[in-house]
Amino acid sequence: MKLDNIDKKLINLLQEDSKRTNKQLSLLLNLSVTAVFERIKKLERAEIITRYIAQVNPKKVDKSFIVFCQVKLIQHSREYLSVFESEILKLDEVSECFHISGDYDYVLKIYVKDMEEYREFMVNKLTTIKHIGSTQSSFMIGEVKNSAKINV
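Note that this is a predicted model, so its numbers are computed, not measured.

Participant: For the sheet that holds strand β1 (residues 65-73), give the residues involved together with the corresponding values.
Facilitator: Spatial strand order, β2-β3-β1-β4: four strands in an open sheet with antiparallel pairing. The strands lining the two open edges of the sheet, one partner per strand, are β2 (94-99) and β4 (132-139). Each strand axis lies, on average, 20° off the axis of its neighbour in the sheet, ignoring direction. Sheet topology places β2 next to strand β3 (residues 106-112); five bridges connect them, and they run antiparallel. From the neighbouring strand, E96 faces β3, where its bridge partner is K109.

If you want it as structure tokens, here you go:
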């Protein structure tokens, strides 16, 4: 699907605040409400817009200890990758997992309450996954930028 300038503006507006009504969007884009509705449905059908979410403040839900954990598997076989990935999907503490290049195979973004909870997570969950060779953890000191927005 080829995006025109209005589609791009619409996508950016929805990424900033997906709770905007079609009427609000129509005023911002100088389109009819029906035209906005049809464009949104077209973007959803094309899977350019894949979901709508609520962003939660980690401090308010007692999950403000953020850890980036790099994981190296003992071997790069398809089976080991598949086992690791299927097990990671089961861990609620892991909000993001990326298969990466370089010295490590994966990087995980983990939300927990504190260091004690992270230790429990490591000992009782992460290190019980088969085929992990090593891990290296980095702890967030401060947040500079955190955005799920992809500028189009």
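Participant: For the packing of helix α2 (residues 22-29) against helix α3 (residues 33-45), give the residues involved together with the corresponding values.
Facilitator: Remark: α2 packs on α3, axes separated minimally by 8 Å, with the N-to-C direction vectors making an angle of 105°. Here α2 is positioned roughly perpendicular relative to α3, judged by the angle of their axes. Contact residues: N22, K23, L25, S26 and L29 in α2; V33, V36, F37 and I40 in α3. Of the residues contributing to the contact of α2 with α3, the split by class is six nonpolar, two polar and one charged.

Participant: Lay out the packing of aromatic side chains in plain terms, naming residues and giving numbers.
Facilitator: Tallied over the full model, the rule gives four aromatic pairs. Aromatic pair F84 and Y106: ring centres 4.4 Å apart, planes at 35°, arrangement tilted. On the criterion of sequence distance, the pair formed by F84 in helix α4 (residues 78-88) and Y106 in strand β3 is long-range, its members being 22 residues apart. This pair shows no difference in class: F84 is buried, exactly as Y106 is.

Participant: With reference to specific residues and values, describe the nonpolar core.
Facilitator: Formed by 19 residues in total, the largest nonpolar core has its most connected members in F84, I88, L108, I110, Y118, F121 and L126. Those residues in contact with L108, other than ones at most four positions away along the chain, are V67, F68, C69, V71, F84, I88, V94, E96, C97 and L126. Counting ten residues, the second-largest nonpolar core is a separate cluster that includes L10, L29, L43 and I49.

What counts, and where the lines are drawn
Residues numbered from 1 in each chain as written. Predicted model: local features only at pLDDT ≥ 70, side-chain atom pairs only at ≥ 80, totals over all residues. Heavy atoms only, no water. Pairing = 2+ DSSP bridges. Helix = DSSP H or I, 4+ residues; strand = E, 2+ residues; numbered from the N terminus. Axes fitted to C-alpha atoms, helices over the stretch in contact; angles between N-to-C directions. Parallel < 35°, antiparallel > 145°, perpendicular 65-115°, else oblique. Contact = heavy atoms within 4.5 Å. Nonpolar A, V, L, I, M, F, W, Y, C, P; charged D, E, K, R; others polar. Phe/Tyr/Trp six-rings, centres within 6.5 Å; stacked < 30°, edge-to-face > 60°. Buried < 20%, exposed > 50% of the residue type's maximum accessible area, 1.4 Å probe, protein only. Core = buried A, V, L, I, M, F, W, Y, C linked by side-chain atoms within 4.5 Å.

None of the figures reported here should be taken as evidence of function without further support.
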